[in-house]
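Structure at a glance
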Amino acid sequence: MKKRVLTGLQPTGVITLGNYIGAIKQMIEFQEEYDSYIFIADMHAITINQDPIELRNNIKSLVALYMACGIDFNKNTIYIQSDNPYIANISWMLECNTYYGELSRMTQFKDKSKKNANFTSGLLTYPVLMAADILAMDTDYVPVGIDQKQHVELARDIAIRYNKKYGETFKIPEPIIKSTGTKIMDLQYPDKKMSKSSENQKGVIRLLDDLNVVRKKIMSATTDSEMVVKFDTVNKPGISNLINIYSSLTNKSIKEVESEFKDSNYGNFKTKVADVVVDVLSDIQNKYNEIINGDKIDEILDHGMLKNIEISKVFYEKMKKSIGLGRK
Ligand code: ATP
Ligand code: LTN
């Protein structure tokens, strides 16, 4: 039987070219090998303040965008976290088996609670909801960015402790952290990661950006005065970033890209990078428009919801019984 891989994505803003190259392409590879589950973590998103209309729009939009990028609904189960009421119930049962000390030590909690004095208790219990997402789906592997590794480790601790106290219930999940992989940098400030929450719009390419704007952003990317297309992240971070983008999207090696542009000036190189990015984005945007305006998306999400409910309900019933809740 195929191992099960599961990951969640928060519906906060339009994803970037960095997310596409760094994360989505990996998920497309996983779908060939694993029993894959991808869900929109909308309940995690409300641990900080969200505009309701924007949040609702972002949810379906993110599903459509992932599908437009190549996440295949025949190979993945796709669902929305809040569509399944069992998850929050399971999370509560797990919360009552998790210590305050464990949660208050989480790095993300410490960082985010420092930034806002009026943080919610959801920000503290966030990792337990994440543990519920993972454990209630009998997950083997959880691909996440390095910032979420600690949360997956906590999910393991919670599962091990629960199994000891109430008997074998949960599989112990493992995080998958990309060790290599291309980090795409901000086009204006190539020493900073391209990030969807970045304030600086000019340096960030979002997958739904107008294509003329995308071209302009690439043409005005920061470079250097040397005029050689050579990969050197220390002395030529801007050019190296453009080489990375070109290499990732064309599947050519860095060496191949260097030799392709060895006699080229920066203007010509940037035009070629822009052509490739615009090509990829135009394909994604066409597919996105078809999906978001079509009627397939609700069918896919309904199917995902039922599967998510079916699997987690078994855990919910078992947990209730072993903890001693309810009538029987
Ligand atoms: P935020 O600005 O809200 O922190 P982000 O754009 O930095 O968002 P995350 O939500 O933290 O992205 O990460 C989602 C996934 O995308 C992770 O797997 C992460 O490793 C990957 N990723 C994010 N930014 C980049 C980037 N610039 N280059 C490569 N991969 C990236
Ligand atoms: N916290 C994650 C999103 C997330 C998740 C999960 C990831 C919620 N539940 C379960 C993997 C497994 C984030 O912010 N990227």
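What you are looking at is a predicted structure, and each value in this text was computed from that prediction instead of being measured. All chains use their own residue numbering, which begins from 1 and follows the written sequence. Lettering for chains starts from A, numbering for ligands starts from 1, and both go in the order in which the items are written. In keeping with the predicted nature of the model, local features appear solely for residues at pLDDT of at least 70, side-chain atom pairs appear and are counted solely at 80 or more, and the whole-chain, interface and lining totals rest on all residues. Note: side-chain values were computed over all heavy atoms of the structure, leaving out hydrogens and water.

Any residue with at least one heavy atom within 4 Å of a molecule or strand is counted as near it. Near ligand 1 there are 13 residues, and of these Ile-184, Lys-193, Ser-195, Lys-196 and Ser-197 occur at the shortest range. Residues adjacent in sequence count toward polar contacts only when both atoms are side-chain atoms; beyond that, a polar contact is any pair of N or O atoms within 3.5 Å, and within protein one must be able to donate a hydrogen and the other to accept it. Residue Lys-196 places a side-chain N or O atom 2.8 Å away from an oxygen atom belonging to ligand 1. Notes on ligand 1: free accessible area 590 Å², of which the protein chains cover 72%. Amino acids are sorted into nonpolar (Ala, Val, Leu, Ile, Met, Phe, Trp, Tyr, Cys and Pro), charged (Asp, Glu, Lys and Arg) and polar (every other residue, Gly among them). Classifying every residue of the shell around ligand 1 by side-chain character gives three nonpolar, six polar and four charged. Where accessible areas are quoted, they stem from the Shrake-Rupley method and a 1.4 Å probe; at the residue level, only the protein chains shown are allowed to cover.

Another point: the pairing of strand E2 (residues 35–40). The buried label goes to any residue with under 20% of its type's maximum accessible area, the exposed label to any with over 50%, and the partly exposed label to all in between, with areas taken from a 1.4 Å probe on protein chains only. Segments assigned H or I by DSSP are reported as helices when at least four residues long, segments assigned E as strands when at least two residues long, and all are numbered from the N terminus. With five of six residues buried, E2 is to be regarded as a mostly interior element. Two strands are counted as paired when DSSP detects at least two bridges linking them. One ladder, built from six bridges, connects strand E1 (residues 4–9) with E2; its direction is parallel. For Val-5, the partnering residue across the bridge sits in E2 and is Ser-36. Handedness of a crossover is defined as follows: with both strands directed away from the viewer, a clockwise route from the first strand across the helix to the second makes it right-handed. With helix H1 (residues 17–33) bridging E1 and the parallel E2, this β-α-β connection has right-handed handedness. Note that E2 and strand E3 (residues 76–80) share five bridges and pair parallel. Within E3, the position partnered with Phe-39 by the bridge is Tyr-79.

What follows deals with the site of ligand 2. Surveying the vicinity of ligand 2 reveals 14 residues, the closest of which are Gly-8, Gln-10, Tyr-126, Asp-133 and Gln-148. Here an oxygen atom of ligand 2 and a side-chain polar atom of Gln-10 are 2.8 Å apart. Within the side chain of Tyr-126, a nitrogen or oxygen atom sits 2.7 Å from a nitrogen atom of ligand 2. Within the complex, 89% of the 370 Å² of free accessible area of ligand 2 lies under protein.

With respect to the helices and strands, the residue Gln-148 is situated in the loop between strand E4 (141–143) and helix H8 (149–166). With relative accessibility at 12%, the residue Gln-148 sits in the buried group. Within polar-contact distance, the side chain of Gln-148 engages the side chain of Asp-147 at 3.3 Å. The contact criterion used is simple: two residues touch if any of their non-hydrogen atoms lie within 4.5 Å. Apart from residues lying up to four places away in sequence, Gln-148 is in contact with Gln-108, Tyr-126 and Met-130.

This next bit is on the side chain of Thr-98. Here Thr-98 shows up in the loop between helix H4 (85–95) and helix H5 (100–104). For Thr-98, a relative accessible area of 10% gives the class buried. A polar atom in the side chain of Thr-98 sits 2.7 Å from the backbone oxygen of Leu-94. When near neighbours in sequence (up to four residues on either side) are disregarded, Thr-98 contacts Leu-103, Val-128, Ile-158 and Arg-161.

On to the pattern of salt bridges, then. If charged atoms from side chains of opposite charge come close, those side chains can pair. Salt bridges are defined by distance alone: a side-chain nitrogen of Lys or Arg within 4 Å of a carboxyl oxygen of Asp or Glu. Inspection of every chain in the model, using the stated rule, returns 17 salt bridges. Two residues, Lys-252 and Glu-260, come together in a salt bridge whose shortest N-O distance is 2.9 Å. For Lys-252, a relative accessible area of 30% translates into the label partly exposed. A residue is classified by how much of its surface remains accessible, and Glu-260, at 37% relative accessible area, is partly exposed. The shortest N-O distance in the salt bridge between Asp-263 and Lys-262 comes to 4.0 Å. Three or more residues joined by partner-sharing salt bridges are found here, namely Asp-138, Asp-140 and Lys-171.

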